[in-house]
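Residue strings, one per chain:
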Amino acid sequence: MILTLGSVSAEPPVRPERVEMSTDLNGDGHPEAIRVTFEYNGIDHYTVEIGNLRVGAFGEALRGEVFVVDIDSTDGLREIAIPEWGPSDDDASHFFRFHDGRLTTIGTVPGRHPEEQRIDGSGRIRTNCRGHSLQTWFYPCEYMFDIESQALMEVPQKFKLMYSTVTLKRDLPVFETPAMQSATRIIRA
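## Topic: the sheet that holds strand β11 (residues 137-146)
Move 1: Judged by pairing direction, the sheet is antiparallel, and its four strands sit side by side in the order β9-β10-β11-β12 without closing on themselves. Looking at strand neighbours, the two that pair on one side only are β9 (118-119) and β12 (151-154), the edges of this open sheet.
Move 2: As defined by bridge partners, β11 adjoins β12 across four bridges and the pair is classed as antiparallel. Pairing of Phe 145 across the sheet is with Leu 152, part of β12.

## Details of the nonpolar core
Move 1: Counting 18 residues, the largest nonpolar core has Val 36, Phe 38, Tyr 46, Val 48, Ile 80, Ile 82 and Phe 96 as the members making the most contacts within it.
Move 2: Contributing elements (two or more residues each) for this core: β2 (32-39), β3 (44-50), β4 (53-59), β6 (79-84) and β7 (92-99).
Move 3: Beyond its immediate sequence surroundings of up to four residues, Phe 96 is in contact with Tyr 46, Val 48, Val 55, Ala 57, Glu 79, Ile 80, Ile 82, Leu 103, Thr 104, Thr 105 and Ile 106.
Move 4: Core analysis: the second largest hydrophobic core is formed by 16 residues, Ile 106, Ile 125, Cys 129 and Tyr 139 among them.

## Some remarks on the packing of aromatic side chains
Move 1: As enumerated under the stated definition, the model contains four aromatic pairs in all.
Move 2: Their ring planes at 0° and their centres at 6.0 Å tell us that Phe 38 and Tyr 40 sit as a pair that is stacked. Like Phe 38, the residue Tyr 40 is buried in the burial classification.
Move 3: On the basis of an interplanar angle of 90° and a centroid distance of 6.0 Å, the ring pair of Tyr 46 and Phe 96 is categorised as edge-to-face. Here Tyr 46 is found in strand β3, whereas its partner Phe 96 is found in strand β7, with 50 residues between them in sequence.

## Considerations on the sheet that holds strand β5 (residues 67-69)
Move 1: With respect to topology, four strands assemble into an open sheet ordered β5-β6-β7-β8, the strand pairing being antiparallel. Each having just a single partner strand, β5 and β8 (102-110) make up the two edges of the open sheet. For this sheet the average axis-to-axis angle between neighbouring strands, irrespective of direction, equals 30°.
Move 2: Here β7 pairs with β8 via eight bridges, running antiparallel. Paired with Ser 93 across the two strands is Val 109, which belongs to β8.

## Concerning the side chain of Thr 23
Move 1: Here Thr 23 is to be found in strand β1 (residues 18-23).
Move 2: For Thr 23, a relative accessible area of 15% corresponds to the buried category.
Move 3: Contacts of Thr 23, omitting those with residues within four sequence positions, involve Pro 31, Glu 32, Ile 34, Val 68 and Arg 78.

## Observations concerning the pairing of β6
Move 1: Counting buried positions over the six residues of β6 gives six, a clear majority of the element.
Move 2: Judged from the three bridges that link them, β5 and β6 form a sheet pairing that is antiparallel. Looking across to β6, one finds that Val 68 is bridged to Ile 80.
Move 3: Examined bridge by bridge, β6 and β7 share six bridges and lie antiparallel to one another. Note on β7: the bridge partner recorded for Glu 84 is Ala 92.

Conventions we followed
Residue positions are given per chain, counted from 1 along the sequence in the order it is written. Since the coordinates come from a predicted model, pLDDT governs what is reported: local features require at least 70, and pairs of side-chain atoms require 80 or more to be given and counted, while whole-chain, interface and lining totals use all residues. Excluded from the side-chain calculations are hydrogens and water; all other atoms, namely the structure's heavy atoms, are used. Any two strands are treated as partners once DSSP identifies two or more bridges connecting them. Under the DSSP-based scheme used, a helix requires at least four consecutive residues in state H or I and a strand at least two consecutive residues in state E, with every element numbered from the N terminus. Buried residues of nine kinds, namely Ala, Val, Leu, Ile, Met, Phe, Trp, Tyr and Cys, make up a nonpolar core once their side-chain atoms join them within 4.5 Å. Relative accessibility decides the category of a residue: with a 1.4 Å probe and only protein chains considered, values under 20% of the type maximum give buried, values over 50% give exposed, and everything between is partly exposed. Residues count as neighbours in contact if any of their non-hydrogen atoms are within 4.5 Å of one another. Put simply, two rings from Phe, Tyr or Trp (the six-membered ring, in Trp's case) pair if the centres are within 6.5 Å, and we call them stacked under 30 degrees between planes, edge-to-face over 60, tilted for the rest. Fitting a line to C-alpha atoms yields each axis, with helices limited to the stretch in contact; the angle taken between N-to-C directions then spans 0 to 180 degrees.

Geometric values such as these leave the question of function open.
Structure (structure tokens):
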């Protein structure tokens, strides 16, 4: 039997091999010519270029998308975001910064921009991070640019909501603060 799907094609969408744009990234009032070249060879590779500066990186399931974002509207800088449709719902976006005559990778944040990340100029990227205990789960998280490391870092949280039903198999001591030495309560199995 032959199934016809009308105009739907089994071919993957056309992914551009090069994206070029011009915008002011470093706040000096002069636009930078940005070129991102993609190579799709099983493991996708891309190169970000500004003038004679070049940074190469790898991604998974790249679609040739490039965005200019403003993570922190008070710092005078704008960043380049390249999203990937990673494996097993591990989508991510890679971020680059052009500042003081250097082009640098500043980190990878979970979630594809703009579908799964909120970047509003507040200095934080809001997204969902994958939990690593018991099962596959996601929790709301935020990333900020850390001046000392010059990279995007996850903002620490005291608690990460799991939204899963679990069965407690043994008594669980509960502490008022993580630094306390003795339990204030016991949750019974």
